Amino acid sequence: MNLRIAIQKSGRLSEDSLRLLNDCGISVKSAGSKLRTQAENFPVEVYFLRDDDIPQYVQDGVADIGVVGENVLYEKCKNVEVVKPLGFGKCRLALAVPRGVEYGSVASLEGRRIATSYPFLLESFLRQHRVEAEIHEISGSVEIAPGIGLADAVCDLVSSGSTLFMNGLQEVETILESQAVLVKNTELENSKEIILRKLLFRIDSVQAARRNKYILLNAPNDALDEIFALLPGMKSPTVLPLAEEGWSSVHSVLPEEEFWEKIEALKYAGAQGILVVPIEKMIQ
Ligand SMILES: Nc1ncnc2c1ncn2[C@@H]1O[C@H](COP(=O)(O)OP(=O)(O)OP(=O)(O)O)[C@@H](O)[C@H]1O
Ligand SMILES: O=P(O)(O)OC[C@H]1O[C@H](OP(=O)(O)OP(=O)(O)O)[C@H](O)[C@@H]1O
Ligand SMILES: [Mg+2]
């Protein structure tokens with residue numbers, strides 16, 4: 001029995017989806033022209049698909065689980081269960097107008113033409129703001145639309161903002177913040193639930209490892225209390241005596257987001273020779 005997982009064949013989510021599976025110890029090679037592949041060492045079969053089709057396939061049970069952006073998931077309105085945010089493919093669905101156009105509020109879009117690949121999400125947003133506009137659905141290169149006279153505004157995905165900038169547009173409203181999520185069919189059979197639980201356990205340990213760093217440092221013994229307070233670690237720090245009298249080596253785990261702030265405080269407390277090492281897996 002295999003768990004069938006759908007991931008994007010080639011695009012913004014492909015590399016991170018494959019890396020996640022590989023970091024979970026599931027050996028899968030990238031798609032190539034083979035659109036279905038069996039993992040070598042885990043009961044998973046991977047389907048490589050267009051991202052737009054993934055919600056439908058998971059809803060219908062053609063695939064059991066899938067990796068897809070929230071933007072596509074909520075646009076398609078399919079009945080699937082979101083299991084877990086995956087922390088990659090981060091972007092936002094935003095409205096943009098040509099630079100130089102004065103924009104007061106959503107109301108200024110009344111009666112305007114808006115180009116988008118996300119007609120459902122755009123319409124819901126406009127309805128919520130009681131604005132009526134003409135929605136032009138196009139499937140890609142949306143940012144070109146105002147420049148060629150096809151629309152007055154666009155509603156598309158933004159991450160760095162460079163595509164908007166290069167096309168003379170300015171972002172004016174955020175409609176949805178999005179990232180890749182793991183979704184599942186709502187009626188998975190028991191044997192597949194068991195495989196999914198194993199996969200989720202691995203994903204949790206990979207995500208925890210990515211969020212944390214292993215830190216080693218040397219410190220004079222009279223600074224240890226202050227250093228322990230800064231580095232509580234998973235249970236408590238490991239302390240080993242150095243060959244030099246009055247000094248210890250302290251090992252601990254530090255969340256990535258606290259890293260720079262804590263490093264400064266550790267140095268101030270007397271820590272020296274600080275090493276920071278990536279963690280491969282972390283089980284709490
Ligand atoms: N600039 C970006 N930065 C980060 N994530 C993005 C960005 N653009 C898109 N994404 C996320 O990646 C997903 C896939 O984007 P991509 O551009 O590869 O889609 P696509 O062209 O529709 O691909 P497909 O051929 O599979 O239909 C998007 O639905 C979104 O969730
Ligand atoms: O804000 P930015 O960092 O510039 O990213 C935004 C662009 O990225 C996505 O397109 P992508 O490059 O994936 O091409 P596609 O639309 O052809 O899939 C999206 O549709 C935007 O055009
Ligand atoms: Mg697509």
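Residues numbered from 1 in each chain as written. Chains lettered and ligands numbered in written order. Predicted model: local features only at pLDDT ≥ 70, side-chain atom pairs only at ≥ 80, totals over all residues.

### Notes on the UniProt feature "domain: ATP phosphoribosyltransferase catalytic" (unreviewed entry) in the protein chain
Here's step 1: Look at the UniProt record and you will see "domain: ATP phosphoribosyltransferase catalytic" (unreviewed entry) annotated at residues 50-204.
Here's step 2: Taken end to end, residues 50-204 is 28% helix and 30% strand, and its first and last C-alpha atoms sit 26 Å apart. (UniProt positions renumbered as here; feature names shortened; annotations may be inferred. Helix = DSSP H or I, 4+ residues; strand = E, 2+ residues; numbered from the N terminus.)

### Points about the sheet that holds strand β11 (residues 180-184)
Here's step 1: Strand order in the open sheet formed by six strands is β2-β3-β1-β4-β11-β5, with mixed pairing between adjacent strands. Single-partner strands in this sheet number two, and they are β2 (36-38) and β5 (81-85). The average angle at which neighbouring strand axes cross in this sheet is 25°, direction not considered.
Here's step 2: The strands that helix α1 (residues 14-23) touches are β1 (3-8), β4 (65-69) and β11; relative to β1, the one it contacts most, it runs at about 145°.
Here's step 3: Along the sheet, helix α6 (residues 190-211) makes contact with β1, β4, β5 and β11, crossing β1 at roughly 50°. (Pairing = 2+ DSSP bridges. Axes fitted to C-alpha atoms, helices over the stretch in contact; angles between N-to-C directions. Contact = placed C-beta atoms within 7 Å.)

### Some words on the confidence of the model for the protein chain
Here's step 1: The pLDDT averaged across the protein chain works out to 96; a share of 100% of its residues lies at or above 70.
Here's step 2: The complex model carries a pTM of 0.92, and its ipTM stands at 0.96. (pLDDT = per-residue confidence, 0-100.)

### Quick word on the site of ligand 2
Here's step 1: Taken together, R12, G140, E143, D156, L157, V158, S159, S160, G161, S162 and T163 make up all the residues around ligand 2.
Here's step 2: Elements supplying a minimum of two residues to the shell around ligand 2: β9 (153-158) and α5 (162-166).
Here's step 3: For the shell around ligand 2, the element with the highest residue contribution is β9, accounting for three residues.
Here's step 4: Classifying every residue of the shell around ligand 2 by side-chain character gives two nonpolar, six polar and three charged. (Near = placed C-beta within 6 Å. Nonpolar A, V, L, I, M, F, W, Y, C, P; charged D, E, K, R; others polar.)

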